[in-house]
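Next come the chains, spelled out residue by residue.
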Protein chains: 2
Amino acid sequence: MREILVLTERELKKCMVLDRDANDIVEDAFAKLASGTVVMPPVLSMDLPQAHGEVDIKTAYIPGFDGFAVKISPGFFDNPSLGIPSLNGMMVLLNANTGLVDAVLLDNGYLTDLRTAAAGAVASLHLAPESVTTAAVFGTGVQARLQIEAAHLERAFERVLVWGRDREKAERCADDIRNALGVEAIAEDNPAEAVAESQLVITTTPAREPVLAAEWLHPGLHVTAMGSDQAGKNEVQPEALAIADLYVCDRLSQCAELGELRAARAAGLMTDVTPPELGQIIDGSRPGRVSADAITICDLTGTGAQDTAIATVALARARAAGLGSVIRQD
Amino acid sequence: MREILVLTERELKKCMVLDRDANDIVEDAFAKLASGTVVMPPVLSMDLPQAHGEVDIKTAYIPGFDGFAVKISPGFFDNPSLGIPSLNGMMVLLNANTGLVDAVLLDNGYLTDLRTAAAGAVASLHLAPESVTTAAVFGTGVQARLQIEAAHLERAFERVLVWGRDREKAERCADDIRNALGVEAIAEDNPAEAVAESQLVITTTPAREPVLAAEWLHPGLHVTAMGSDQAGKNEVQPEALAIADLYVCDRLSQCAELGELRAARAAGLMTDVTPPELGQIIDGSRPGRVSADAITICDLTGTGAQDTAIATVALARARAAGLGSVIRQD
């Protein structure tokens, strides 16, 4: 008798929050991704103009993990008029030895939010200066909050500056961060000033024109840009990538197509270099930050390996907590 | 409060069998596929040599259907040593308007078996001679049985000849067909003889060298070849495609890569023609069988459109029958 565990978003929220475990397994996934043993096919993307929607399907098989996730991420942009979020999604966790379905995670994108924030935390762990007293975040959405929360697990900054185009939203975001972390958190109207005062900047916007200027970079700064996950997006001015002492991709092939690297190369920069991947910094095969004064940038586009990692933790925790509906196949 | 219906293979078998409804909706899906309005991205294929496995993911959005299926089909070839079938799989049915998950169909490949057989029946309906008294099937597996059963809904043949490399398996297959349909069914050792006596031949083997010779073709014959779904497979001798009065693809782009057309073109044949798709025969935009004496061949590689079609029927039937486990999202 085979059993399949079905977990809802509510159940997943009971057992999964941002914590060191989530950061650690995502770190492990990146290291394995860089080692070349992970099987991660290109994303299956389906555009549905008739429905004003799109669907992305990602998967990655990581040797040594018990299972591998297939993630289905729909975006249907008329949903808000029906009172439903545009972005949803779910994951299926298949057994790595048999291909049988072990679990169905009806997370509505919650696990994607977590694994995306955990990747930012891993970037901070390996690339930010040892001492970060002030962090800035660009953008005021879910990822602005989660990225700061996850990074705070790795760098115990005492002050957060929130910049967004909408002052009111920036203030609400700062309020939430203050309440979640017990740190000083304020909205900052001037993005240049936010960068100047910070040792860690995380950009989480859907910008299509740069929101972070190259001239704002200063010694002892790490920038994680996680907003660009499509060819049309661009948060960081192309010159910044060339000026930085170190530019790191989550996945080189993806960043060249969807990330900040795409925009830089389109501008004629970064064309003759092979930037390292985050996993190569983790496993030591490429050098990371070389001094407290260095300027580093990490470009995150999101990988199927992170999905497999977070789904693996989620299933283990849900089982341990006795959560979910058991479906019996016979 | 959103509800998601989870259905197991056992529950799906209670409400889904081969019948005219299944054939009809698959026919409709093919017609829409040919009309150019269906969105069907290329298959996402992941090869897992470390696990002696592979995973294929298919999807297709058909305008006018309430939902669209994402099908995950793993094949793990060490499974039989664990007492588990190599091929498994499941489908997720997403709402066509919102992208939200409507149902999870844990069918272990059962719905794929049905939709594959239904496609064969649709090919027989539109391409076989009006009068079929004897049908032959090559191969002795699940599809040999189901293809004959589905085709019998469209052509009331009274006699079935089963050819397979293993005489004993052919006899067991004939027994099963006799019991299922109440027709005469016998194992035939000589494949040429089986073709000579039949007006309809269905090939269902995993052959990598042709099992049906061009010289066996005779006036008033229709052949459906459904075994080749990978670049290495080939059931029908390439010359047969060139000799036939009409050769039809389920999906031209797929048949050219995975089907009998691939082998024919590799042999230098069929290179300067654009064969019709089954949907174009159904909707009348390309001519089908022009006379009782014509020789026709249909090449089936399997499409995501069929998955969306069969999943749609399955969900409607399961709901009507009150089957499945309801998972509440809130």
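Since this is a predicted model, take the numbers as computed values, not measurements.

Bring the parts together and some accessible area is lost; that lost area is often taken as the interface size. Residues and elements named next belong to chain A. Domain boundaries assigned for chain A yield domain 1 (2-112 + 305-329) and domain 2 (117-302). On the side of domain 2, 24 residues touch domain 1, which itself brings 16 residues to the contact. Looking at the side of domain 1 facing domain 2, the largest losses of area belong to Leu18, Asn23 and Phe30, adding up to 36% of the total buried there. At the junction of domain 1 and domain 2, the tally comes to six residue pairs in polar contact (both at pLDDT 80 or more). Mapped onto the side of domain 1 that touches domain 2, the elements with two or more residues apiece are helix 2 (20-35) and strand 3 (53-60). The greatest single-element share of the side of domain 1 that touches domain 2, amounting to nine residues, is contributed by helix 2. The residue inventory of the side of domain 1 that touches domain 2, partitioned by class, reads nine nonpolar, two polar and five charged.

Turning our attention to the interface of chain B and chain A. Every contact between the two is made by 49 residues of chain B and, on the other side, 49 residues of chain A. Between chain B and chain A, a total of about 3,800 Å² is buried, with carbon and sulfur atoms accounting for 71% of that surface. Inspection of the region where chain B meets chain A yields zero salt bridges. The interface formed by chain B and chain A contains 10 residue pairs in polar contact (both at pLDDT 80 or more).

Moving on to helix 3 (residues 110-127) of chain A. Compared with the 26 Å implied by 1.5 Å per residue over 18 residues, the 26 Å span of helix 3 of chain A between its first and last C-alpha is a close match. For helix 3 of chain A, the buried fraction is high: 15 of the 18 residues fall into the buried class.

Let us look at the environment of B:Ala103. Residues and elements named next belong to chain B. Here Ala103 is to be found in strand 6 (residues 101-106). Taking the C-alpha atoms as reference, Ala103 lies 22 Å from Asp19; in sequence the two are 84 residues apart. Excluding residues within four positions of it along the chain, Ala103 makes contact with Ile4, Leu5, Met91, Val92, Leu93 and Leu315.

Before going further, it helps to examine the relation of the copies chain B and chain A. Once chain B has been moved 0.0 Å along the axis and rotated by 180 degrees, it coincides with chain A to within an RMSD of 0.0 Å. Taken together, the rotation and translation relating the two chain copies correspond to the operation of a two-fold axis. No C-alpha of chain B approaches the rotation axis more nearly than that of B:Leu44, which lies at 3.1 Å. When you check the interface residues of chain B against chain A, 100% turn up at the interface there too, and the contact is symmetric in its surfaces.

Turning to the sheet that holds strand 13 (residues 295-299) of chain A, a few remarks are in order. Residue and element names in this part refer to chain A. Pairing is parallel in the open sheet, where seven strands are placed in the order 9-8-7-10-11-13-12. A strand with exactly one partner marks an edge of an open sheet, and here the two such strands are strand 9 (184-187) and strand 12 (246-249). Averaged over all pairs of adjacent strands, the angle between strand axes in this sheet comes to 15 degrees, irrespective of strand direction. In the sheet, strand 11 (residues 221-225) pairs with strand 13 via five bridges, with the strands oriented parallel. The residue bridging Leu221 from the neighbouring strand is Ile295, located in strand 13. Relative to strand 11, helix 3 is tilted by about 160 degrees, and along the sheet it contacts strand 10 (200-203), strand 11, strand 12 and strand 13.

Attention now goes to the pairing of strand 3 of chain A. All names here are of chain A. Within strand 3, six of the eight residues are buried, which leaves the element mostly enclosed by the surrounding structure. Across five bridges, strand 2 (residues 44-48) lies against strand 3 in antiparallel orientation. In the strand pairing of strand 3, Ser45 is matched with Asp56. When strand 3 meets strand 4 (residues 67-76), the two strands line up antiparallel, connected through eight bridges. Of the residues in strand 4, the one forming a bridge with Glu54 is Gly75.

Now for the pattern of salt bridges. Going through the model one piece at a time under the given rule, you end up with 34 salt bridges over all chains. Salt-bridge contacts for A:Lys233 lead to A:Asp229; the nearest nitrogen and oxygen are separated by 3.0 Å. With a closest N to O distance of 3.9 Å, B:Arg172 and B:Glu168 form a salt bridge. Taken together, the residues B:Arg172 and B:Glu168, both in helix 5 (residues 167-181) and four residues apart, mark about one turn of the helix. Exposure remark for B:Arg172: the relative accessible area of 46% places this residue in the partly exposed category. Relative accessible area serves as the criterion here: at 53%, B:Glu168 is assigned to the exposed category. Put simply, A:Asp19, A:Asp21 and A:Arg317 are held in one network by salt bridges that share partners.

Rules and cut-offs
- Residues numbered from 1 in each chain as written.
- Chains lettered and ligands numbered in written order.
- Predicted model: local features only at pLDDT ≥ 70, side-chain atom pairs only at ≥ 80, totals over all residues.
- Heavy atoms only, no water.
- Domains from an automatic or database assignment.
- Contact = heavy atoms within 4.5 Å.
- Buried area = accessible area lost by both parts, 1.4 Å probe.
- Polar contact = N/O pair within 3.5 Å; in protein donor to acceptor, adjacent residues only side chain to side chain.
- Helix = DSSP H or I, 4+ residues; strand = E, 2+ residues; numbered from the N terminus.
- Nonpolar A, V, L, I, M, F, W, Y, C, P; charged D, E, K, R; others polar.
- Salt bridge = Lys/Arg side-chain N within 4 Å of Asp/Glu carboxyl O.
- Expected span 1.5 Å × (residues − 1).
- Buried < 20%, exposed > 50% of the residue type's maximum accessible area, 1.4 Å probe, protein only.
- Least-squares fit on C-alpha atoms with pLDDT ≥ 70 in both.
- Pairing = 2+ DSSP bridges.
- Axes fitted to C-alpha atoms, helices over the stretch in contact; angles between N-to-C directions.

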